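Chain by chain, the residues:
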Amino acid sequence: MIPQTLTKLQPPAWQSALRDALSDPTELLKMLELEPTVDHLSATRDFPLRVPLGFVSRMRKGDPNDPLLLQVLSRGLELEDTPGFHEDAVGDLDHVRPGGILHKYQGRALLITTGACAVHCRYCFRRHFPYEEQNASRKAWREAVDTLAADDSLEEVILSGGDPLSLSDRRLAELATALDDIPHLKRLRIHTRLPIVLPERVDDGLLAWLGQGRLQRVMVLHANHAQELDDAVHQACLALSDCGVTLLNQSVLLRNINDDAATLANLSERLFECGVMPYYLHLLDRVRGAAHFEVNERDAAQIMQNLASRLSGYLVPRLVRETAGKPYKLPVAW
């Protein structure tokens, strides 16, 4: 028998998987039977590579154009200085309040809970965000909660990051309980990629605190390609739905990854099988280092027309662009 004192010290499986995530592009490429080059190493100085082994297992060996690989593999293209691409692509820093709060839109505020993620997506709009300075750490949570409690115009709080689910269930449950006690709040929304890239994160500990509390729980996932949604992700999504969480998905339109109607249709169909509603399809946020992922607005409109002809209306995500200074995400006409 394993002594009880030892079992208490054993970390959850998801934390072990997170710890074992790859950070070396050479190791990643060798696992996929691809040849590493200097080009893959250069960009990691600015933005380190990070990808869980379970996500790597969904990539096709020997394929340098695998759509999951292209999302996470560092490349020298990221070091090019492209006009119109900036470090603060969506104007977050103009709206930061004490305690790691971002208040950009009426009725809702976003809480930067951590700078940690399970995966470093190379197109990430917060890849240059100063998390050390703007982060609602445990010490600042009381300040953030007090700020939110004092603003009765708010109905929804969004946990973001980084990825909030990279924090322990104990810390998240503590925060959720404090937010539950704010009477004017109605919803707690969580923006996360962990159930997609690390489905082990959806365990009994997570489901326990998500299934409790007064606030309606909404989780916005982030998947860009149907290949990301394997059986483990499917089961994780069903478990979240079963405990009362409303599941939505937002994707980013990415060149050479999902920039065609057939790929996006497969994604929407697979998401719906998993109990997740397609929600937003974002045009790329123009963050420095990500220009090679951009799909222009004209091509995006044509893709959306083709997508709408393939799918039932409820499976067609809304095409939007986030623009600094605007009071909401702007719909893109197609």
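All values reported here derive from a predicted model rather than from experimental measurement.

1. A few points about the packing of aromatic side chains
Move 1: Taken as a whole and assessed by the stated rule, the structure comprises three aromatic pairs.
Move 2: Measuring from ring centre to ring centre gives 5.5 Å for Phe272 and Tyr314, while their planes differ by 50 degrees; the resulting arrangement is tilted. Taken together, the residues span a long stretch of sequence, with Phe272 in helix H12 (residues 261-273) and Tyr314 in the loop between helix H13 (297-310) and strand S9 (318-321) at a distance of 42 residues.
Move 3: Each ring, one from Tyr279 and one from Tyr280, has its centre 4.1 Å from the other, and the planes form 20 degrees; the classification is stacked. Accessibility classification places Tyr279 together with Tyr280 in one group, the buried group.
Move 4: Here the basic side chain of Arg171 rests over the ring of Trp141, its NZ or CZ set 5.3 Å away from the ring centre.
Move 5: The ring of Trp14 has Arg201 lying over it, and the distance from NZ or CZ to the ring centre is 3.9 Å.

2. Some remarks on the pattern of salt bridges
Move 1: Scanning the model with the defined rule gives 22 salt bridges in all.
Move 2: In this structure, Glu78 and Arg127 form a salt bridge, with 3.0 Å as the shortest nitrogen-oxygen distance. On the criterion of sequence distance, the pair formed by Glu78 in the loop between helix H6 (67-72) and strand S1 (96-97) and Arg127 in the loop between strand S3 (108-112) and helix H7 (138-149) is long-range, its members being 49 residues apart. Residue Glu78 shares its accessibility class with Arg127, and that shared class is buried.
Move 3: Across the pair Arg286 and Glu294 runs a salt bridge, and its minimum N-O distance is 3.0 Å.
Move 4: Classification of Arg286 as partly exposed rests on a relative accessible area of 32%.

Reading the values: rules and limits
- Residues numbered from 1 in each chain as written.
- Predicted model: local features only at pLDDT ≥ 70, side-chain atom pairs only at ≥ 80, totals over all residues.
- Heavy atoms only, no water.
- Phe/Tyr/Trp six-rings, centres within 6.5 Å; stacked < 30°, edge-to-face > 60°.
- Helix = DSSP H or I, 4+ residues; strand = E, 2+ residues; numbered from the N terminus.
- Buried < 20%, exposed > 50% of the residue type's maximum accessible area, 1.4 Å probe, protein only.
- Lys NZ or Arg CZ within 6 Å of the ring centre and 35° of its normal.
- Salt bridge = Lys/Arg side-chain N within 4 Å of Asp/Glu carboxyl O.

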